Amino acid sequence: MARPSGHVALWLSATGALAASGGLVVAALLGRATLLLRLVAVADRLRVRIGRRRDRRPDGLWTSVAADLFAGAGSLVRRRWARLSWGMAAYWLLQGALLWCCCAAVGLRAVPAVVLAALVAERALTLLAITPGGTGLVEAGTIGVLIVLGADPTASLAAILVFRAFVFAAEIPVGGMALGAWLLSRRAARY
């Protein structure tokens, strides 16, 4: 059996590291943060040893910040799981409606099952953060799903590019404005 080339070995290593990181984050979100907190503690000790002269932050800072983050996220999910679930369901429904409208706008007449399959592929591929926002990979994969399911290739390309333009051009600025408003409201509440 031939040994993998340098590029293949690099990609396999990166994929393994991403899978392990994702597994640790999922475990932490499910309330099993012990292993992740141990890794953060090891990284914090290394930070202290390596940068003792330059770094004036106290020992254990990363560990306490990570523990507070996990505790807060866990508490939020336990208290507000129903609202979070309904919010995500509404988000998916609105994303599906947007994709459906983009398909209709470019003349692609697709059945709801095809639009749902394209949406699932788009959301799943967005999780593979090889490029910022999955740009390129997401579009190619989603267009491929539409074509495999019998949609016109040109209309599929147009529909997905319009959809992704809306996702980036609308969601990111609106999210930024919402974050700004939230931060201003918190600041005003303090004073």
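Coordinates for the structure precede this section.
Below: a short report on this structure. All residue numbers refer to positions counted from 1 along the written sequence of the respective chain. With the structure being a predicted model, the display of local features is reserved for residues of pLDDT at least 70 and the display and counting of side-chain atom pairs for 80 or more, all residues being used for whole-chain, interface and lining totals. Side-chain measures were taken over the full set of non-hydrogen atoms in the model, leaving aside hydrogen atoms and water.

1. A word on the nonpolar core
Put simply, buried Ala, Val, Leu, Ile, Met, Phe, Trp, Tyr and Cys residues joined by side-chain atoms within 4.5 Å make one nonpolar core. Working definition: with a 1.4 Å probe on protein chains only, accessible area under 20% of the residue-type maximum means buried, over 50% means exposed, and in between means partly exposed. With 17 residues, the main nonpolar core has Leu99, Cys103, Leu108, Leu146, Ile160 and Phe163 as its most contacted residues. Strands are runs of DSSP state E lasting at least 2 residues, helices are runs of H or I lasting at least 4, and numbering of each runs from the N terminus. Elements represented by at least two residues in this core include exactly α3 (61–105), α4 (112–126), α5 (137–148) and α6 (153–190). Per-element tally for this core: the top contributor is α6, with five residues. Two residues form a contact once any of their heavy atoms are found within 4.5 Å. Setting aside its immediate chain neighbours within four residues, Leu99 contacts Val115, Ala118, Leu119, Ile160 and Phe163.

2. Quick notes on the environment of Ser185
With respect to the helices and strands, the residue Ser185 is situated in helix α6. What qualifies as a polar contact is a pair of N or O atoms within 3.5 Å, subject to a donor-acceptor requirement within protein and to the restriction that residues adjacent in sequence count only when both atoms come from side chains. For Ser185, the side chain forms a polar contact with the main-chain oxygen of Trp182, separated by 2.7 Å.

3. Concerning α5
For an α-helix the count is 3.6 residues per turn, leaving residues at separations of three or four pointing the same way. In a helix, the anticipated span is given by 1.5 Å times the number of residues less one. Here α5 contains twelve residues, and its C-alpha end-to-end distance of 16 Å stays within 8% of the 16 Å for a straight helix at 1.5 Å per residue. All of the buried residues in α5 are Val138, Glu139, Thr142, Ile143 and Leu146. Here the buried residues of α5 occupy an arc of 120° about the axis, which is enough to place them on one side. Counted as exposed and oriented over 90 degrees from the buried face of α5: Ala140 and Val148. What the arc covers is the set of directions going from the helix axis to the C-beta atoms.

4. Overview of the state of the cysteines
Put plainly, a disulfide is one covalent bond tying together the sulfur atoms of two cysteines. Any pair of cysteine sulfurs within 2.5 Å is marked as a disulfide. Counted under the stated rule, the structure contains zero disulfides. Here Cys101 stays free of any disulfide, with the sulfur of Cys102 as its closest cysteine sulfur at 7.0 Å. Judged by its relative accessible area of 3%, Cys102 falls in the buried class.

Keep in mind these values describe shape, not function.
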